[in-house]
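Report on the structure
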Protein chains: 2
Amino acid sequence: MASFPELQPSARVLLGPGPSNVHPRVMKAMLSPVVGHLDPDFVSVMEDIKKLLRMVFQTSNEITFPVSGTGSAGMETALANLIEDGDEVVVGVNGAFGERLADAAGRLGAKVHRVEAPWGQIVETERLESALRAASHPKLVAVVHAETSTGVYQPVEELGELAHRYGALLVLDAVTSLGCVPVEIDRWQIDACYSCTQKGIGAPPGLAPVTFSERAMETVRARKQKCRSWYFDVAMIERYWGPDRLYHHTAPISMNYAIYEALRIVVEEGLEARFKRHAANAAALQAGIQAMGLALAAQPGYRLPQLTAVQVPDGIDDAKVRADLLRMFNLEIGAGLGIFKGKVWRIGLMGESSRRENVMLALNALETVLAAQGMEIARGAALVAADNSYTRAA
Amino acid sequence: MASFPELQPSARVLLGPGPSNVHPRVMKAMLSPVVGHLDPDFVSVMEDIKKLLRMVFQTSNEITFPVSGTGSAGMETALANLIEDGDEVVVGVNGAFGERLADAAGRLGAKVHRVEAPWGQIVETERLESALRAASHPKLVAVVHAETSTGVYQPVEELGELAHRYGALLVLDAVTSLGCVPVEIDRWQIDACYSCTQKGIGAPPGLAPVTFSERAMETVRARKQKCRSWYFDVAMIERYWGPDRLYHHTAPISMNYAIYEALRIVVEEGLEARFKRHAANAAALQAGIQAMGLALAAQPGYRLPQLTAVQVPDGIDDAKVRADLLRMFNLEIGAGLGIFKGKVWRIGLMGESSRRENVMLALNALETVLAAQGMEIARGAALVAADNSYTRAA
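Residues numbered from 1 in each chain as written. Chains lettered and ligands numbered in written order. Predicted model: local features only at pLDDT ≥ 70, side-chain atom pairs only at ≥ 80, totals over all residues. Heavy atoms only, no water.

**Notes on the side chain of Asp233 of chain A**
- On the secondary structure map, Asp233 of chain A appears in the loop between helix H7 (214–221) and helix H8 (234–241).
- Classification of Asp233 of chain A as buried rests on a relative accessible area of 8%.
- Here Arg107 of chain B takes part through its side chain, which lies 2.8 Å from a polar atom of the side chain of Asp233 of chain A.
- Not counting residues within four places of it along the chain, the set of residues in contact with Asp233 of chain A comprises Asn81 and Cys227 of chain A together with Arg107 of chain B. (Helix = DSSP H or I, 4+ residues; strand = E, 2+ residues; numbered from the N terminus. Buried < 20%, exposed > 50% of the residue type's maximum accessible area, 1.4 Å probe, protein only. Polar contact = N/O pair within 3.5 Å; in protein donor to acceptor, adjacent residues only side chain to side chain. Contact = heavy atoms within 4.5 Å.)

See below:
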């Protein structure tokens with residue numbers, strides 16, 4: 001087997017758009033013995049996962065569980081269960097993940113009304129309302145809470161009430177927000193929301209937590225047409241995750257152990273403390289980045305704490321910077337996506353990766369590789385600005 | 001966190017329809033550090049996984065990779081990429097997984113021609129041919145290689161040539177066959193095939209290996225309509241798993257480590273030796289079961305080695321037998337599905353679980369719990385029959 005060596009991936013500091021670093025307790029949990037997907041020992045873990053997810057989603061929604069796929073599988077679950085052929089849907093598109101929503105909805109047979117905004121800007125609530133008003137029977141409106149491609153933090157608190165006023169449901173993409181910033185499903189009247197495990201939750205990638213409001217489930221139960229997807233059909237999946245325990249598909253046992261332990265850690269830390277930690281580390285990083293003379297891609301006032309998009313300065317080789325960070329510091333940051341390819345770096349501080357030592361490493365390492373490419377930088381200014389940010393926050 | 005205790009699922013002997021037991025080397029591999037989904041260290045693992053999967057699928061198909069979901073996600077990937085609205089498809093239905101294929105194809109817009117056979121019987125090739133002949137433009141024919149609900153071993157060697165003669169593609173469900181019995185994609189001219197990780201491959205559930213022939217990929221590339229599923233769109237996924245390395249979704253990193261190590265173990269053992277091991281253990285189990293006076297559900301000559309469906313004798317409490325096996329022996333066997341609910345047990349000997357000691361345990365334990373329910377059994381006869389089977393095979 002010389003041609004297939006033993007696995008030895010490098011130990012990285014993961015400050016990209018996810019996966020983020022995984023707590024050793026979560027790794028240990030994955031080693032728990034695999035049991036059957038209907039084993040009473042697994043059923044009790046499933047029940048606890050649902051309870052923990054409800055705490056993290058801040059919801060009492062009965063239908064709250066992890067989909068057996070990564071974040072985009074959560075997106076497909078939300079859309080495939082709510083959309084029937086010809087339904088009108090309104091999608092906010094201001095980055096790669098809004099584009100993905102619009103694409104996925106169209107494939108499922110929806111007539112998609114795109115509400116576009118420039119990358120780096122929020123989608124204004126008034127423009128979403130205009131689209132809802134213009135649609136004849138809008139079935140749902142979908143927006144991205146944390147647009148990972150641009151670092152934009154979309155305001156969503158009022159959108160549930162708005163959607164309902166037009167008889168529509170609100171679908172929220174919380175892939176990059178859950179566990180990093182508040183996601184208040186019930187208070188914000190969100191009808192379907194999905195996330196992932198490998199960002200704010202702090203487990204490896206593999207599952208997509210979702211939650212459906214009772215209003216959304218009424219829509220699901222009133223469908224005239226079967227859900228296009230057998231695998232993501234929530235009406236069947238709820239009979240496995242609910243009291244019936246009717247076999248649907250084999251759940252990824254070890255990944256469910258991982259999310260269980262990761263959610264335990266989230267709840268032990270407490271949501272408020274967790275959000276405060278993300279905010280403090282992001283403030284320090286963003287202060288340092290700007291002190292270094294770099295510009296941020298997202299509009300002021302709407303910048304995510306967990307994902308900072310930094311403009312690549314003129315004359316700097318984007319790919320070389322990322323390769324140098326990986327080679328010299330074992331540090332991963334993200335490249336730009338779509339129209340931002342080559343134009344931004346995406347620095348994540350999510351979940352277990354949101355730590356003061358990682359902020360310092362990122363600023364230090366970036367300074368080193370940019371200086372090596374000839375950029376004039378006031379050496380050390382970034383670290384001072386970051387330190388000051390922590391001092392102000394304390 | 002008293003209400004959310006530390007995980008401590010029982011250590012089970014998994015002789016159900018999957019998951020089967022996991023080799024300690026695979027568990028260890030899952031603990032390798034999580035890296036980014038575009039990290040060069042992960043990319044090299046992806047390349048090796050594709051090579052290993054081609055060896056196990058016995059194919060040179062370029063498009064061979066693990067889908068980021070469990071076995072049924074593989075089914076959906078095969079169907080969603082090949083079916084467009086109104087396509088005629090022929091599905092062999094002789095158990096729960098043939099039913100699933102027909103259901104999933106219909107949801108994706110296909111006009112489904114069901115070729116039914118009684119549960120426990122194979123679907124005759126002649127009847128599939130009649131359906132192909134009767135269809136005006138059959139797009140594909142789909143059959144289940146190892147019908148997990150009945151233990152039937154479907155003959156498929158000639159079906160590729162047959163499908164092609166009628167201008168159709170052949171889709172094979174190998175969820176319960178890959179790694180247990182030969183699955184010869186190229187020699188049998190199979191166009192799309194999917195499996196899982198938690199049965200014959202010996203990893204935890206979480207991924208669905210798939211392979212598409214060049215003929216299938218021509219169909220994918222000639223689609224008029226986008227694939228209904230964004231998540232399972234192989235035209236996009238191949239740009240991530242192929243040389244472009246274009247981000248599609250975040251792959252489940254740890255599960256990919258697990259499948260890598262599990263496939264290494266499969267190839268180290270060798271396919272021939274592995275199939276022989278499965279056959280020898282199954283022969284012993286089935287000899288023992290019959291010596292105990294129990295009947296098998298699948299028709300003679302077409303019984304799977306990896307999954308034996310045993311008829312529940314009259315007067316025996318199905319659920320109590322399974323509960324006793326779990327409680328007294330930490331032994332999981334499977335319940336009946338669909339119309340076989342309460343009528344059969346399903347005993348798996350797959351991957352790492354296919355061991356002589358497990359055959360002995362299963363026979364011994366079953367004898368004990370059945371005798372406790374008052375069934376008259378010639379005590380010890382099953383073990384003697386199993387021993388004799390091994391002696392004959394040696």
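**Focus on the domain arrangement of chain A**
All names here are of chain A.
- When cut into domains, chain A gives domain 1 (24–267) and domain 2 (271–393).
- A separation of 29 Å is found between the C-alpha centroids of domain 1 and domain 2.
- Buried surface at the junction of domain 1 and domain 2, both sides included, amounts to about 2100 Å², of which 66% is carbon and sulfur.
- Counting every contact that joins domain 1 to domain 2 gives eight residue pairs in polar contact (both at pLDDT 80 or more).
- For the side of domain 1 that touches domain 2, the class distribution of residues is 15 nonpolar, 12 polar and two charged. (Domains from an automatic or database assignment. Buried area = accessible area lost by both parts, 1.4 Å probe. Nonpolar A, V, L, I, M, F, W, Y, C, P; charged D, E, K, R; others polar.)

**Here we look at the nonpolar core**
- Counting 216 residues, the largest nonpolar core has Leu82 and Phe212 of chain A together with Leu82 and Phe212 of chain B as the members making the most contacts within it.
- Leaving out residues up to four positions away in the same chain, Leu82 of chain B has contacts with Asp87, Lys139, Leu140, Leu169, Val171, Ala192, Phe212, Ala216, Thr219, Val220 and Arg223 of chain B. (Core = buried A, V, L, I, M, F, W, Y, C linked by side-chain atoms within 4.5 Å.)

**Quick notes on the sheet that holds strand E11 (residues 307–311) of chain B**
All names here are of chain B.
- Pairing is antiparallel across the open sheet formed by three strands, whose spatial order is E11-E14-E13. One side of each edge strand has no neighbouring strand; the edge strands of this open sheet are E11 and strand E13 (334–335).
- In the sheet, E13 pairs with strand E14 (residues 344–348) via two bridges, with the strands oriented antiparallel. When the bridges of E14 are listed, Ala335 appears paired with Trp345. (Pairing = 2+ DSSP bridges.)

**Some remarks on the packing of helix H12 (residues 356–372) of chain A against helix H13 (residues 381–393) of chain A**
All names here are of chain A.
- Across the interface, H12 lies against H13 with an axial gap of 9 Å and an inter-helix angle of 160°. Taken together, H12 and H13 sit at an angle that is classed as roughly antiparallel. Judged by the twist between their axes, the crossing of H12 over H13 is right-handed. Counted together, Arg356, Val359, Met360, Leu363, Asn364 and Glu367 of H12 and Ala382, Leu383, Ala386, Asp387 and Tyr390 of H13 form the full contact between these two elements.
- For the contact of H12 with H13, a count of residues per class yields seven nonpolar, one polar and three charged. (Axes fitted to C-alpha atoms, helices over the stretch in contact; angles between N-to-C directions. Parallel < 35°, antiparallel > 145°, perpendicular 65-115°, else oblique. Left-handed = near helix turned anticlockwise from the far one by under 90°.)

**Considerations on the sheet that holds strand E11 (residues 307–311) of chain A**
Residues and elements named next belong to chain A.
- If you trace the three strands from one edge of the open sheet to the other, you get E11-E14-E13, paired in antiparallel fashion. Single-partner strands in this sheet number two, and they are E11 and strand E13 (334–335).
- Alignment of E11 against strand E14 (residues 344–348), held across five bridges, turns out to be antiparallel. Bridge pairing in E14 places Val310 opposite Trp345.

**A few points about the interface of chain B and chain A**
- Across the boundary between the two partners, chain B contributes 78 residues, which contact 78 residues of chain A.
- The contact between chain B and chain A buries some 6500 Å² in all, and 62% of this surface belongs to carbon and sulfur atoms.
- Residues Glu6 of chain A and Lys28 of chain B are paired through a salt bridge, measuring 3.3 Å at the closest nitrogen-oxygen approach.
- Our enumeration of links across chain B and chain A arrives at 31 residue pairs in polar contact (both at pLDDT 80 or more).
- Breaking the side of chain B that touches chain A down by element, the ones donating at least two residues are helix H1 (24–30), helix H2 (40–57), helix H3 (71–82), helix H4 (96–107) and helix H9 (253–269) of chain B.
- When residues of the side of chain B that touches chain A are assigned to their parent elements, the largest contribution, eight residues, is made by H9 of chain B.
- Its residues placed into classes, the side of chain B that touches chain A shows 41 nonpolar, 19 polar and 18 charged. (Salt bridge = Lys/Arg side-chain N within 4 Å of Asp/Glu carboxyl O.)

**Focus on the relation of the copies chain B and chain A**
- You can overlay chain B on chain A at an RMSD of 0.0 Å; the transform is a turn of 180° with a shift of 0.0 Å along its axis. Look at the turn and shift together and you get a two-fold axis relating the two. Within chain B, Gly69 of chain B has its C-alpha nearest the rotation axis, a separation of 2.5 Å. (Least-squares fit on C-alpha atoms with pLDDT ≥ 70 in both.)

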